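# Fold and geometry: a report
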Amino acid sequence: IVDGQQRIRSIVEFANNEFALTSKSDKYSGMHYSDLSDDVQEAFLGYVITADQLLNASDDDVIDIFARLNSYTVALNAAEKRHAQFQTELKFFVRRMSVKYRWFIEKFGVFSTKQRFRMIDDEFFAELIRLIIDGVQDGGSSRIDKFYEVMDDKKFTDVKMRDTEEVLDSLIQFLDNDLGVMLKGVIGKHYQLYAISAAFLLISKRIRSDTAEFEYQRLKSKGEMIEALGLLELDINNEAATEFVKASSSSTQRIASRRIRIKAFADAIGERE
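So, about helix H11 (residues 190-203). Its 14 residues place the ends of H11 20 Å apart at the C-alpha level, agreeing with the 20 Å of an ideal helix rising 1.5 Å per residue. Of all 14 residues in H11, 12 are buried; the element is thus mostly enclosed. Those residues of H11 lying buried are Gln192, Leu193, Tyr194, Ala195, Ile196, Ser197, Ala198, Ala199, Phe200, Leu201, Leu202 and Ile203. Backbone geometry just after H11 places Lys205 at a positive phi near 60°.

Enumeration according to the criterion identifies one cavity of 30 Å³ or more in this entry. In this structure, the largest cavity spans a volume of roughly 60 Å³. As for the largest cavity, its lining consists of Ala79, Arg82, His83, Lys91, Val94, Asp122, Glu123 and Tyr148. Among the secondary structure elements, those contributing two or more residues to the lining of the largest cavity are helix H4 (78-85), helix H5 (89-100) and helix H8 (120-134). Here the lining of the largest cavity gets three residues from one element, more than from any other, and that element is H4.

What follows deals with the pattern of salt bridges. Taken as a whole and assessed by the stated rule, the structure comprises 16 salt bridges. Taking the shortest distance from any N to any O, the salt bridge between Glu271 and Arg218 comes out at 3.4 Å. Of the two residues, Glu271 is situated in strand S2 (residues 270-271) and Arg218 in strand S1 (residues 218-219); the sequence distance between them amounts to 53 residues. Two residues, Asp267 and Lys263, come together in a salt bridge whose shortest N-O distance is 2.9 Å.

Here we come to the layout of surface pockets. Counted as a void, the largest pocket has a volume near 600 Å³. Considering the residues around the largest pocket, the lining is formed by 15 residues, among which Ile1, Asp3, Thr50, Ala51 and Asp52 are closest to the centre. Every element with two or more residues in the lining of the largest pocket is listed here: helix H1 (5-15) and helix H3 (59-71). Looking at the lining of the largest pocket residue by residue, the class counts come to 10 nonpolar, two polar and three charged. Quantified by volume, the second largest pocket comes out at close to 460 Å³. Elements supplying a minimum of two residues to the lining of the second largest pocket: H1 and helix H2 (38-45). Of all the elements, H1 adds the most residues to the lining of the second largest pocket, at four residues. A breakdown of the residues in the lining of the second largest pocket according to their chemical character gives eight nonpolar, two polar and one charged.

So, how was this worked out
Residues numbered from 1 in each chain as written. Predicted model: local features only at pLDDT ≥ 70, side-chain atom pairs only at ≥ 80, totals over all residues. Heavy atoms only, no water. Helix = DSSP H or I, 4+ residues; strand = E, 2+ residues; numbered from the N terminus. Expected span 1.5 Å × (residues − 1). Buried < 20%, exposed > 50% of the residue type's maximum accessible area, 1.4 Å probe, protein only. 1 Å grid on protein atoms, 1.4 Å probe; cavity = no way out; pocket = protein on both sides within 12 Å on 5 of 7 lines; lining within 4 Å. Points joined across faces, edges and corners; volume = space filled by probe spheres on them. Salt bridge = Lys/Arg side-chain N within 4 Å of Asp/Glu carboxyl O. Nonpolar A, V, L, I, M, F, W, Y, C, P; charged D, E, K, R; others polar.

Structural data, given as structure tokens:
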């Protein structure tokens, strides 16, 4: 085998009943191959692995092909490296949420198929989960990495996982049901969705506000929210010289620009009295 030996060995060893699946497997945690039903065993053995066979290849040929395979491999981006590096409950939770809400990403075209193939949607959900747990913070890959490091299995307990998923469920429901008509344009960009999400979570008291400027009593009616967001969208499309538009065009991950956009969205969807 020129490339993929570890993966092939793992498949063979599992089929030989040499280890059990861990809790990372939702359906089959703790089970050996022999514990699986006949249908599942058959599906496992029937999985097709694409391979090219090298005929009459010398050792030099094999080495050359291995070098070529690795030379032409696309470099991993930050999200892919993070997924490979961390084997924590948080990592697997982020992946599950990304899969669970794939319909939302596809419905509103938040990311292209190519971007989702490179796990950019995982990074987006990692940011939302970090927002729910830690509140509004500076963004960027290095800070998400740090979040993964700090939020180990001792801190990301089953209770915290359930609470986080509950909040995320309510957030996605709000975005889809109440604001969906606005999310297929510039308001639906991923960095704007982060700011809208923060505004919703602050108004609904799901995350704490560190300043009085984010204290609102309730959400506006659906019609009022759509109208107010329409005005913000108009400002962006017309490149109006407002703080909100400037904060929407550069350094969108910095907390300073995030606060400006969160405030604008909070004013659009929330009532103070």
